[in-house]
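Structural overview
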Amino acid sequence: MSIIDELWNGNIIPCAEIKVKGDPEYDHALFCYGESQEKLTKSMTDEQKALCDKFIKDSELLSTVLERAAFRKGFCLGIKIMTEVPNE
């Protein structure tokens, strides 16, 4: 497995703590997400809820694949930038 994949999978942790909880923007987005999900599921049948749950899981999988690709691309771009820095 590549070092970038190791980083992505959490096998290498560059910082001991990732600060997301307590971030006002994150907290607000999480609150809004929870409220919307609760309102939506209250209006659904059991069949619709099951379909919605599957849709959410599929969306999370797609997001993970795209985020991992962006993570890898970021490292590749960083290396390209480093090669353009003149040796002083």
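Everything that follows concerns the structure shown earlier in this document.
Structure report, in brief. Given the structure is predicted, the values throughout are model-derived calculations rather than measurements.

Concerning the overall build of the protein chain
A count of helices and strands for the protein chain gives three helices and zero strands. Of the regular secondary structure in the protein chain, the N- to C-terminal order runs α-α-α. Taking all 88 residues of the protein chain together, the buried fraction comes to 6%. Counting only carbon and sulfur atoms, one obtains 62% of the accessible surface of the protein chain, whose full area is about 7900 Å².

Some details on the pattern of salt bridges
If you walk through the whole model with that rule in mind, you get three salt bridges. When the shortest N-O distance is used, the salt bridge between Asp58 and Lys54 registers 2.8 Å. Here the residue Asp58 and the residue Lys54 both occupy positions in helix 3 (residues 46-84), the gap between them amounting to four residues, near one helical turn. When its relative accessible area of 48% is taken as the criterion, Lys54 is described as partly exposed.

Quick notes on the rules
Residues numbered from 1 in each chain as written. Predicted model: local features only at pLDDT ≥ 70, side-chain atom pairs only at ≥ 80, totals over all residues. Heavy atoms only, no water. Helix = DSSP H or I, 4+ residues; strand = E, 2+ residues; numbered from the N terminus. Buried < 20%, exposed > 50% of the residue type's maximum accessible area, 1.4 Å probe, protein only. Areas by Shrake-Rupley, 256 points an atom, 1.4 Å probe, with all protein chains shown as cover. Salt bridge = Lys/Arg side-chain N within 4 Å of Asp/Glu carboxyl O.

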